[in-house]
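In case you want the letters, here they are:
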Amino acid sequence: MPASTNPWLDTPQRYGRISRILHWSMALLFAWQFAGMILKVLLGWHPRDSWMLGTHAHVGFALLLVLSLRAAWALGNLRNRPSYGSGFIARCAGAGHCMLYVLMLLVPATALLRQYGSGRGFTWLGQIPVFAPGTPQPELVARINGTSDALGATAHGFLGWLLLALIVGHIAMVLVHHCIWKDDTARRMLGASRY
């Protein structure tokens, strides 16, 4: 089957099923993460109080794994993917997506560095060892944590809230494209197509 008609592969007109599965998987995982953190801030929940918060590290690591797959897939299909177009709006879209990818990497990376620096090990889902317990490195933790943890004022927390703001902006722009400009931008990732 030629790549242009294979529904699993990206084309210049739309994202294929693999890209859409990776995108929407991450969207669901992020929704879980941010819902838990918003409840923590609003209700003062602690991981011991809520199973949802207790999954935060494990879901975060899953996001890092899916991001790795998504980035590899995107780079491998760069020439086949829909383009942002040209002009100022297109450059903003490209910059926004680049910032999303950078933050999607930095947020879990800072959490893992903080965990490593604390000397505690990390075993994903209680079964898969990522790194073993070691010697605490307080200077590393201090650099990541900053001076306070109010509303997530650590590198991990601050970058996480910044990522949420970018995601909200991303969703808002999709709605602008779909509802106001009435173009096919949303359909490229939703799977609906006029092609």
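Everything in this summary refers to the structure shown in the same document. (Residues numbered from 1 in each chain as written. Predicted model: local features only at pLDDT ≥ 70, side-chain atom pairs only at ≥ 80, totals over all residues. Heavy atoms only, no water.)

Moving on, we get to the packing of aromatic side chains. Within the structure shown, the criterion is met by 6 aromatic pairs. Between phenylalanine 30 and phenylalanine 34, the aromatic rings sit 5.9 Å apart at their centres with planes inclined by 20°, giving stacked as the arrangement. Note that phenylalanine 30 and phenylalanine 34 are positioned in helix α1 (residues 17-43) at a spacing of 4 residues, about one turn of the helix. Directly above the aromatic system of tryptophan 8 lies the positively charged group of arginine 17, at a separation of 5.2 Å from the ring centroid. (Phe/Tyr/Trp six-rings, centres within 6.5 Å; stacked < 30°, edge-to-face > 60°. Helix = DSSP H or I, 4+ residues; strand = E, 2+ residues; numbered from the N terminus. Lys NZ or Arg CZ within 6 Å of the ring centre and 35° of its normal.)

Right, let's get into the side chain of aspartate 10. Note on placement: aspartate 10 falls in the segment before α1. Taking the relative accessible area as the measure of exposure, aspartate 10 reaches 2% and is therefore buried. Within polar-contact distance, the side chain of aspartate 10 engages the backbone nitrogen of glycine 16 at 2.7 Å. Within the local environment of aspartate 10, its side chain forms a polar contact with the side chain of serine 19, the two groups lying 2.8 Å apart. (Buried < 20%, exposed > 50% of the residue type's maximum accessible area, 1.4 Å probe, protein only. Polar contact = N/O pair within 3.5 Å; in protein donor to acceptor, adjacent residues only side chain to side chain.)

Of all hydrophobic cores here, the largest spans 13 residues; its most connected members are Met26, Phe30, Met104 and Leu163. Listed by contribution, the elements that provide at least two residues to this core are α1, α3 (56-76), α4 (88-117) and α6 (155-180). When sequence neighbours within four positions are dropped, the list of residues in contact with methionine 104 reads Met26, Phe30, Leu67, Arg70 and Leu163. Residues Phe61, Ala62, Leu64 and Trp124 belong to the second largest nonpolar core, which totals 6 residues. (Core = buried A, V, L, I, M, F, W, Y, C linked by side-chain atoms within 4.5 Å. Contact = heavy atoms within 4.5 Å.)

Turning next to the pairing of strand β2 (residues 128-131). When strand β1 (residues 122-124) meets β2, the two strands line up antiparallel, connected through 3 bridges. Of the residues in β2, the one forming a bridge with tryptophan 124 is isoleucine 128. With antiparallel pairing between neighbouring strands as the criterion, β1 and β2 make up a hairpin whose turn holds 3 residues, including leucine 125 at a positive phi of roughly 60°. (Pairing = 2+ DSSP bridges.)

If you trace the backbone, histidine 23 turns up in helix α1. Looking at histidine 23, the relative accessible area reads 13%, which means it is buried.

In this section: α3. Along its 21 residues, α3 runs 30 Å from first to last C-alpha, staying within 8% of the 30 Å computed at 1.5 Å per residue. Tucked inside the fold, the buried residues of α3 contact α1, α4, β1 and β2. (Expected span 1.5 Å × (residues − 1).)

Attention shifts here to the pattern of salt bridges. In the structure shown here, the tally under the stated rule is 2 salt bridges. The partner of aspartate 10 in a salt bridge is arginine 81, with the nearest N and O atoms 3.2 Å apart. Note that aspartate 10 is positioned in the segment before α1 and arginine 81 in the loop between α3 and α4, a separation of 71 residues in sequence. The shortest N-O distance in the salt bridge between aspartate 184 and arginine 187 comes to 2.8 Å. What makes arginine 187 buried here is its relative accessible area of 18%. (Salt bridge = Lys/Arg side-chain N within 4 Å of Asp/Glu carboxyl O.)

We now examine the environment of valine 102. Inspection of the secondary structure assignment puts valine 102 in helix α4. Along the chain, valine 102 and leucine 163 lie 61 residues apart, while their C-alpha atoms are 9.4 Å from each other.

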